[in-house]
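Examining the three-dimensional arrangement
What follows is the residue order along each chain.
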Amino acid sequence: MLTNSIPKLLQEAREVEQALAAIGAGLPPEISAAGMEARIVELETAVSELDTLNANRKRLVNIKGEKAEAASDYIVQARAVVKGIFGADSSEYEMVGGTRASERSRPKAKENGTA
């Protein structure tokens, strides 16, 4: 697949098209400037369609990211409200995905290592 060299390929195809037009007679009928032009147009159309799809995809990916961030922010807000109303150790806080204060692990005391 030649995706990285499409501009170079199109330039080369245009040069070949001009050469075929200049040569004209003596070529087999399946090789002609018109045949080259048709392939150039097909390729340019495909590239244009792909560019449009990529732009739309990028736009949709950005929208998805914004919606995901909004949903995440809403979750944080909902948990904060439930925690504020019902408390950090409530079953309601646990229902919205919070960890109840009584279920949090306690930090272990550090040993004084004096020898």
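A brief look at the structure comes next. Every value quoted in this text rests on a predicted model; they were computed, and no experiment measured them.

1. Here's the deal with the overall build of the chain
Across its full length, the chain holds three helices and zero strands. Secondary structure elements in the chain, listed N-terminal to C-terminal, are α-α-α. The C-alpha atoms of the chain give 33 Å as radius of gyration, which overshoots the globular expectation for 115 residues (13 Å, by more than 25%). The principal-axis extents of the C-alpha atoms in the chain amount to approximately 95 × 50 × 15 Å.

2. Quick notes on a nonpolar patch on the surface
A contiguous nonpolar patch, built from Val 81, Ile 85 and Phe 86 and spanning about 320 Å² of accessible area, is present on the exposed surface. Tracing the backbone through its elements, the reader meets Ile 85 in helix H2 (residues 33-86). Classification of Ile 85 by relative accessible area gives exposed; the value is 61%.

Here is what the cut-offs are and how they apply
- Residues numbered from 1 in each chain as written.
- Predicted model: local features only at pLDDT ≥ 70, side-chain atom pairs only at ≥ 80, totals over all residues.
- Heavy atoms only, no water.
- Helix = DSSP H or I, 4+ residues; strand = E, 2+ residues; numbered from the N terminus.
- Rg over C-alpha atoms; globule rule 2.2 N^0.38 Å.
- Patch = residues over 30% accessible without salt bridge, like charges linked within 9 Å, V, L, I, M, F, W, Y side chains within 5 Å.
- Areas by Shrake-Rupley, 256 points an atom, 1.4 Å probe, with all protein chains shown as cover.
- Salt bridge = Lys/Arg side-chain N within 4 Å of Asp/Glu carboxyl O.
- Buried < 20%, exposed > 50% of the residue type's maximum accessible area, 1.4 Å probe, protein only.

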